[in-house]
Amino acid sequence: MITRLLDPVKDRTAYTEAATLLRAGEVVGMPTETVYGLAANALDGKAVAKIFAAKGRPQDNPLIVHIADQKQMYDLARTVPESVEKLASRFWPGPLTMILPKADCIPDEVSAGLDTVGIRLPSHPVAQELIREAGVPLAAPSANTSGRPSTTTSSHVMEDLGGKIPAILEGGPCTVGVESTVVSLAGDKPRLLRPGGISLEQLREVLGEVEVDRALREKIGDDVRVSAPGMKYRHYAPKAPVTVVCGDPERTAAYITRHAGLDAGIICFSECAFQFEMHERRVIGSSDDVQTQARRIFDALRAFDDTNVREIWAQCPDDKGLGLAVANRLKKAAGFHVINVV
Ligand code: AMP
Ligand code: MG
């Protein structure tokens, strides 16, 4: 199969072509503000199955349903608590996914057999236009081969899924760079299942108490039932093994200098980059600019796969704000191989 790159800036018919594919039960790579998604008609189980096939995604990992209008939420969820409306008016359109009891129209392929559904209204204008033109909600996980780092440019998507999907819609580099925050509102208390573009602090401003799922902090064994099944798999992993070093940036840089071999690749903060001139390195931004770090993290994790690097060392931001999401992606890429420097 030849994968076409459809660019709506060059040609308005890009939307119609992508929407026609989606209505015909095909999958399409779609830009969002978080990462690129691999989209299919969320109400068509057979179409959704093609997402799992193209990505090599485990069947028990559910997908997020993307909508272009808040009202669509009432068709997809069985109940919508008041807290959901509060969160929607504050954070939508934007990088927040809410888990709600699912309506009967959601096929099992989307919810992976759970009785809940994840719903998000993305802010990327290209995603919104595509959902509107398709006329159906779009189920979409990140548009990467399962297990690899997520994709934040159309070339990343082409790298992983070129030849396996009919088209990718161009939308430029993603402005948030890490996936949406996933919060469950289907249980007794709000629970953070995945940190992302909206911070835990921001959620607590609206909801008060928010529990944090333990899968965020530690590696979960295959035999354990988790609330967000995606959390248990090896994820975001480059080919070379990753070690994450947490702590004060000056100290973590010194630690890495002492321990990294010459064939090591380094993911570092800009103010520490001079210490790694002898290494393959990817600079993710200064240690106090976590937004830039979020935008660059997946590209940095992908970049070493084309080099001779045999191990990767990464400086890690602390858990404040968006730092929780960046640190989580790094730790998962490292299979939770983390060193705390004090
Ligand atoms: P991805 O967009 O590739 O990161 O995958 C979607 C993420 O959302 C996965 O980590 C899923 O586990 C999570 N997710 C989607 N739907 C649900 C749901 N109904 N319950 C819990 N987590 C979900
Ligand atoms: Mg993913």
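In what follows, the accompanying structure is described. Quick caveat: nothing in here was measured; it's all calculated off a predicted structure. (Residues numbered from 1 in each chain as written. Chains lettered and ligands numbered in written order. Predicted model: local features only at pLDDT ≥ 70, side-chain atom pairs only at ≥ 80, totals over all residues. Heavy atoms only, no water.)

### Looking at helix H9 (residues 249-259)
Within the sequence span of H9, burial applies to Thr252, Ala253, Tyr255 and Ile256. In a view along the axis of H9, the buried residues occupy a sector of 160°, so they form one face of it. Projecting away from the buried face of H9 at angles above 90 degrees are the exposed residues Glu250 and Arg258. (Buried < 20%, exposed > 50% of the residue type's maximum accessible area, 1.4 Å probe, protein only. Helix = DSSP H or I, 4+ residues; strand = E, 2+ residues; numbered from the N terminus. Arc of directions from axis to C-beta.)

### Section: the pattern of salt bridges
Taken as a whole, this structure holds 20 salt bridges when the rule is applied. One salt bridge connects arginine 148 with aspartate 160, and the closest N-O pair in it is separated by 2.6 Å. Residue arginine 148 is found in the loop between strand S7 (138-139) and helix H7 (154-161), and its partner aspartate 160 is found in helix H7; the two are separated by twelve residues along the sequence. Judged by relative accessible area, arginine 148 falls into the buried class, the value being 18%. Judged by its relative accessible area of 6%, aspartate 160 falls in the buried class. With a shortest N-O distance of 3.6 Å, arginine 282 and glutamate 280 are connected by a salt bridge. The class for glutamate 280 is partly exposed, based on a relative accessible area of 36%. Linked by salt bridges that have partners in common, Arg148, Glu159, Asp160, Arg302 and Asp305 make up one network. (Salt bridge = Lys/Arg side-chain N within 4 Å of Asp/Glu carboxyl O.)

### Here we look at the sheet that holds strand S9 (residues 181-184)
The strands making up a sheet associate through hydrogen bonds between their backbones, and the pairing can be parallel or antiparallel. Read across the sheet, eleven strands follow the order S1-S8-S2-S3-S7-S4-S6-S5-S9-S10-S11 without closing on themselves; strand pairing throughout is mixed. Looking at strand neighbours, the two that pair on one side only are strand S1 (4-6) and strand S11 (211-212), the edges of this open sheet. Relative to strand S3 (residues 37-41), strand S2 (residues 28-30) runs antiparallel, the two being bridged by three bridges. Within the sheet, the bridge partner assigned to methionine 30 lies in S3 and is glycine 37. The sheet strands contacting helix H2 (residues 45-55) are S3 and S7, and the helix crosses S3 at an angle near 155°. (Pairing = 2+ DSSP bridges. Contact = heavy atoms within 4.5 Å. Axes fitted to C-alpha atoms, helices over the stretch in contact; angles between N-to-C directions.)

### A word on the packing of aromatic side chains
Summed over the entire model, instances satisfying the criterion amount to two aromatic pairs. Geometrically, the ring pair formed by tyrosine 236 and phenylalanine 298 is tilted, given 5.2 Å between the ring centres and 40° between the ring planes. Separated by 62 residues along the polypeptide, tyrosine 236 in the loop between S11 and strand S12 (242-246) and phenylalanine 298 in helix H10 (residues 290-303) bring together distant segments of the chain. For the pair tyrosine 236 and phenylalanine 298, a shared accessibility class is recorded, and that class is buried. Between tyrosine 255 and tryptophan 313 the ring centres are 6.4 Å apart and the planes differ by 50°, which places this aromatic pair in the tilted class. (Phe/Tyr/Trp six-rings, centres within 6.5 Å; stacked < 30°, edge-to-face > 60°.)

### A look at a negative patch on the surface
On the surface, Asp248, Glu250, Glu271 and Asp288 cluster together to form a negatively charged patch. Among the structural elements, glutamate 250 can be located in helix H9. Here glutamate 250 falls in the exposed class, since its relative accessible area comes to 65%. (Patch = residues over 30% accessible without salt bridge, like charges linked within 9 Å, V, L, I, M, F, W, Y side chains within 5 Å. Areas by Shrake-Rupley, 256 points an atom, 1.4 Å probe, with all protein chains shown as cover. Lys, Arg positive; Asp, Glu negative; His and termini not counted. Charge placed at Lys NZ, Arg CZ, Asp CG, Glu CD.)

### A look at the packing of H10 against helix H11 (residues 323-333)
Close contact between H10 and H11 brings their axes to 9 Å; oriented N to C, the two are set at 20°. Our classification of the angle between H10 and H11 gives roughly parallel. Handedness of the crossing formed by H10 with H11: left-handed. On H11, the residues that touch Val290, Gln293, Ala294, Ile297, Phe298 and Leu301 of H10 are Gly323, Val326, Arg329, Leu330 and Ala333. Of the residues that constitute the contact of H10 with H11, the class distribution is eight nonpolar, two polar and one charged. (Parallel < 35°, antiparallel > 145°, perpendicular 65-115°, else oblique. Left-handed = near helix turned anticlockwise from the far one by under 90°. Nonpolar A, V, L, I, M, F, W, Y, C, P; charged D, E, K, R; others polar.)

### Brief notes about the pairing of S12
Within S12, five of the five residues are buried, which leaves the element mostly enclosed by the surrounding structure. Of the two faces of S12, the one holding Val242, Val244 and Cys246 and the one holding Thr243 and Val245 are both buried throughout. Inspection of the sheet shows S12 paired to strand S15 (residues 311-316) by five bridges, in the parallel sense. Paired with cysteine 246 across the bridge in S15 is cysteine 316. By the bridge criterion, three bridges tie S12 to strand S16 (residues 338-340) in an arrangement that is parallel.

### A closer look at the nonpolar core
Counting 47 residues, the largest nonpolar core has Leu87, Trp92, Leu96, Met98, Ile119 and Leu203 as the members making the most contacts within it. Elements that contribute at least two residues to this core include exactly S3, H2, helix H3 (73-76), helix H4 (82-91), strand S5 (96-101), strand S6 (116-120), H7 and helix H8 (200-207). Within the second largest apolar cluster, 43 residues are counted, among which are Cys246, Ile267, Ala294 and Ala314. (Core = buried A, V, L, I, M, F, W, Y, C linked by side-chain atoms within 4.5 Å.)

### Here we look at H2
For H2, the complete set of buried residues consists of Gly45, Ala47, Val48, Ile51, Phe52, Ala54 and Lys55. Close packing links the buried residues of H2 with S3, helix H5 (108-111), S7 and H7. The backbone nitrogen of lysine 46 has a side-chain oxygen 3.1 Å away, supplied by the residue at the start of H2, namely aspartate 44. Of the residues trailing H2, glycine 56 is marked for its positive phi of about 70°. (Polar contact = N/O pair within 3.5 Å; in protein donor to acceptor, adjacent residues only side chain to side chain.)

### Brief notes about the environment of alanine 253
Position of alanine 253 among the secondary structure elements: in helix H9. For alanine 253, a relative accessible area of 0% puts it in the buried group. In the structure, alanine 253 is positioned 23 residues away from phenylalanine 276 in sequence and 8.7 Å away in space, judged by C-alpha atoms. Here alanine 253 is in contact with Cys272, Gln275, Phe276 and Gln315, once residues within four sequence places are set aside.

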